[in-house]
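Listed below are the residues making up each chain.
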Amino acid sequence: MKNEVRKNASYVLMILNILVVILISSNLRSPIVAVSPVLGDVREALKLDNFQVSLLTSIPLFMFAVCSVLVSRFSNKLGISKLLMYSLIILSFGLFLRISGSLVLLFIGSVFIGLGICIGNVVTPGYVKNNFPRQIGLMTGVFAVAMNLTAALASGFSVRIGEWTGFGWRGSLGIWLVIAALGFFVLMLEMIFNKKNSGQPKPAMGTSDFNMFKSAQAWNISVFMGLQSLFYYCMVAWLPSFLADYNMPGESAGWVLFVIQITMIPITFCCPIIASKMKDQRILILFICALMFTSTMMFVFLKSQWIYVNAVIIGISNGLSFSLSILFFSTRTKSSINAVKISGMAQSVGYLIAAFGPPIFGKLHDWDVSWNISFYFLSIAVLIMLYFGMRAARNKYVED
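Quantities reported herein were computed from a predicted structural model and do not represent experimental measurements.

Undergrad: Explanation requested: the overall build of the chain in the structure shown.
TA: Looking only at helices and strands, the chain has 16 helices and 0 strands in total. Across its three principal directions, the C-alpha atoms of the chain cover 70 × 45 × 30 Å. Scored against the burial criterion, the 400 residues of the chain give a buried share of 60%. By sequence separation, contacts in the chain at least 24 residues apart represent 85% of the contacts at least 6 residues apart. Counting only carbon and sulfur atoms, one obtains 68% of the accessible surface of the chain, whose full area is about 16100 Å². Positive and negative side-chain charges of the chain, numbering 29 and 14 respectively, have mean locations separated by a distance of 14 Å.

Okay, here's the thing in structure tokens:
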């Protein structure tokens, strides 16, 4: 009887753990991606210039860069579940401030949104390694799919959500408070369940004095993470504006982003499962960079022609690159605590690199209204990413 009770408790805990991964990951991209399709409305309502527009994407990225390492240091002291709960509280506060109606609160809200997402970004790979040590590839796929599915919905339905709610862009951006609240509720259930079932203890995170910043492999993973994020966030921030210059309306541009995100879903699910069984992933790195380079050249020479084909190319390449980045945190480390540490370092360094992408991309457009120089900039970033990605994909631990 006792064995049956323990077995049932174990199943309930596993379901709660899976729901935590799904709901946390659902909050890690959608609050940022939802901005692009309604940028025109936000710009008009609050009288934003191009630099201020780019800050709506860059501020969260700078927060990722500044805070990721600090978050990884607190993970062992506070515990993963508590940190994830704090992340949702902070994120919800930021989402509320962002739609409050003033320019100052818009940017302050973006700061809190960045901090909340940062905590979830850093801690979730450790949560996966700690709770699903034998299903890392599968659960990394679940994590990535949930993130990209909600990001796809945010891209495609952002304008419509504003219309349905009757609150315009505030409704489009405020709806994500509901997802944050659901995540908070499930985390509360998990913590309550763990207290009542002390016979079902979680594996200890352990401790580690290893300095990630002295590891060459950790730097390879971090720069690869940063450059693939730079590519993605430049697209998220500026693709609607680029398409508008070539006579595509805002809602249609949102659907292009939707195609990118929806294409990423099967890729981000299958890639970690397959890649985790490969000796190394260098062939995948070559494929990713070839696709990204092709995409940039299509924008240079074809502009908005074949845009949905290009969107699929972007979705495949970014789905693969993002999945590999997250997978490296678990497969290139020997313990859960070091998985959190490399997650913190890679996202700190990586998002610092990525944060400069949208402003530089936009500034280059000021110098060249055709957008060609902006896409040449992305092409160079892809070539640099190829070098660091090939090194990160070797079968080598960060501790070696």
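Additional details are given in the paragraphs that follow.
Undergrad: Would you mind going over unusual backbone geometry with me for this structure?
TA: Note: most peptide bonds trans; most residues except glycine with negative phi. In this structure, Trp306 takes a positive phi of about 55° despite not being glycine. Note on placement: Trp306 falls in the loop between helix H12 (282-302) and helix H13 (307-331). The exposure class assigned to Trp306 is exposed, which follows from its relative accessible area of 58%. Phi is positive for Trp371, close to 75°, though the residue is something other than glycine. Turning to its location among the elements, Trp371 is positioned in the loop between helix H15 (357-367) and helix H16 (372-392).

Undergrad: Before we go on, may I ask you to explain the nonpolar core in this structure?
TA: Note that soluble globular proteins tend to have their nonpolar side chains buried in a common cluster. Counting 125 residues, the largest nonpolar core has Leu324 and Phe375 as the members making the most contacts within it. Aside from chain neighbours lying at most four places away, what touches Leu324 is Phe224, Cys271, Ala275, Gln281, Leu284, Ile285 and Ile288.

Undergrad: Quick question: what am I supposed to make of a nonpolar patch on the surface here?
TA: Taken together, Leu70, Phe74, Leu78, Tyr86 and Ile89 make up a surface patch of nonpolar side chains, about 440 Å² in accessible area. Counting residues per element, the ones that place at least two in the nonpolar patch are helix H4 (50-78) and helix H5 (80-98). Broken down by element, the nonpolar patch gets its largest block of residues, 3 residues, from H4.

Undergrad: What should I look at first to understand H5 in this one?
TA: Count 3.6 residues to each turn of an α-helix, and residues three or four apart come out pointing the same way. In this model H5 runs 27 Å from its N-terminal to its C-terminal C-alpha over 19 residues, within 8% of the 27 Å that 1.5 Å per residue would give. By the burial criterion, the buried members of H5 are Ile80, Ser81, Leu83, Leu84, Met85, Ser87, Leu88, Leu91, Gly94, Leu95, Leu97 and Arg98.

Undergrad: Looking at this structure, how should I read the packing of aromatic side chains?
TA: Aromatic ring pairs are described here by two measures, namely the spacing of the ring centres and the angle between the planes. Enumeration over the complete set of coordinates arrives at 21 aromatic pairs. Look at Phe93 and Phe112: their rings are 4.9 Å apart centre to centre, the planes differ by 85°, and that puts the pair in the edge-to-face class. With Phe93 in helix H5 and Phe112 in helix H6 (residues 103-131), this residue pair connects regions lying 19 residues apart in the sequence. What makes Phe93 partly exposed here is its relative accessible area of 42%. Judged by centre distance (5.2 Å) and plane angle (50°), the ring pair of Phe242 and Tyr246 falls under tilted. Under the relative-accessibility criterion, Phe242 is labelled buried at 1%. Note that Arg29 overlies the ring of Tyr232, its terminal NZ or CZ placed 3.9 Å from the centroid. The ring centre of Phe322 lies 4.4 Å from the NZ or CZ of Arg29, which sits over that ring.

Undergrad: Explain the pattern of salt bridges to me, please; I cannot follow it from the model alone.
TA: Any two side chains of opposite charge can pair, so long as their charged atoms come close to each other. The full count for this structure, using the stated rule, is 1 salt bridge. Taking the shortest distance from any N to any O, the salt bridge between Arg282 and Asp280 comes out at 2.9 Å. The class of Arg282 is partly exposed, set by a relative accessible area of 35%.

Undergrad: Help me out: how do you make sense of the state of the cysteines in this one?
TA: Covalently bonding the sulfur atom of one cysteine to the sulfur atom of another cysteine gives a disulfide. In this structure the tally under the stated criterion is 0 disulfides. With no disulfide of its own, Cys234 lies 15 Å from the sulfur of Cys289, the closest cysteine sulfur. The closest cysteine sulfur to the non-disulfide-bonded Cys271 is located on Cys270, 8.8 Å from its own sulfur. Looking at Cys271, the relative accessible area reads 5%, which means it is buried.

Undergrad: Is there a simple way to think about helix H10 (residues 216-245) in this case?
TA: The terminal C-alpha atoms of H10 lie 42 Å apart, and with 30 residues this matches the ideal 44 Å at 1.5 Å per residue to within 8%. At Trp238, H10 shows its maximal kink, close to 50°; a proline, Pro240, follows between one and four residues later. Counted residue by residue, H10 has 26 buried out of 30 residues, so it is predominantly covered. Looking one or two residues beyond H10, the residue adopting positive phi is Asn247, at roughly 65°.

Undergrad: Would you mind going over the environment of Cys234 with me for this structure?
TA: Take Cys234: it is sitting in helix H10. Residue Cys234 is classed as buried on the basis of its relative accessible area of 1%. Taking C-alpha positions, Cys234 is 6.8 Å from Phe361, a pair spaced 127 residues apart along the chain. What Cys234 contacts, discounting residues up to four positions off in sequence, is Leu239, Gly357, Pro358, Phe361, Phe377 and Leu378.

Undergrad: What should I look at first to understand the side chain of Ser87 in this one?
TA: Structurally, Ser87 can be placed in helix H5. On the accessibility criterion, Ser87 (3% relative accessible area) is buried. Engagement of the side chain of Ser87 in a polar contact is seen with the backbone oxygen of Leu84, the distance being 2.6 Å. Discounting residues that sit within four places of it in the chain, Ser87 has contacts with Gly116, Ile119 and Gly120.

Undergrad: Help me understand the packing of H5 against H6 in this model?
TA: Working note: a packed helix pair is described by the angle between its axes plus the distance between those axes. The N-to-C vectors of H5 and H6 enclose an angle of 160°; their axes lie 7 Å apart at closest approach. Looking at the two axes, H5 sits roughly antiparallel to H6. The interaxial crossing formed by H5 with H6 has left-handed handedness. Of the residues belonging to the contact of H5 with H6, the class tally is 18 nonpolar, 9 polar and 1 charged.

About the criteria used
- Residues numbered from 1 in each chain as written.
- Predicted model: local features only at pLDDT ≥ 70, side-chain atom pairs only at ≥ 80, totals over all residues.
- Heavy atoms only, no water.
- Helix = DSSP H or I, 4+ residues; strand = E, 2+ residues; numbered from the N terminus.
- Buried < 20%, exposed > 50% of the residue type's maximum accessible area, 1.4 Å probe, protein only.
- Contact = heavy atoms within 4.5 Å.
- Areas by Shrake-Rupley, 256 points an atom, 1.4 Å probe, with all protein chains shown as cover.
- Lys, Arg positive; Asp, Glu negative; His and termini not counted.
- Charge placed at Lys NZ, Arg CZ, Asp CG, Glu CD.
- Core = buried A, V, L, I, M, F, W, Y, C linked by side-chain atoms within 4.5 Å.
- Patch = residues over 30% accessible without salt bridge, like charges linked within 9 Å, V, L, I, M, F, W, Y side chains within 5 Å.
- Salt bridge = Lys/Arg side-chain N within 4 Å of Asp/Glu carboxyl O.
- Expected span 1.5 Å × (residues − 1).
- Phe/Tyr/Trp six-rings, centres within 6.5 Å; stacked < 30°, edge-to-face > 60°.
- Lys NZ or Arg CZ within 6 Å of the ring centre and 35° of its normal.
- Disulfide = S-S within 2.5 Å.
- Bend = angle between axes of the 7 residues up to and from the residue.
- Polar contact = N/O pair within 3.5 Å; in protein donor to acceptor, adjacent residues only side chain to side chain.
- Axes fitted to C-alpha atoms, helices over the stretch in contact; angles between N-to-C directions.
- Parallel < 35°, antiparallel > 145°, perpendicular 65-115°, else oblique.
- Left-handed = near helix turned anticlockwise from the far one by under 90°.
- Nonpolar A, V, L, I, M, F, W, Y, C, P; charged D, E, K, R; others polar.

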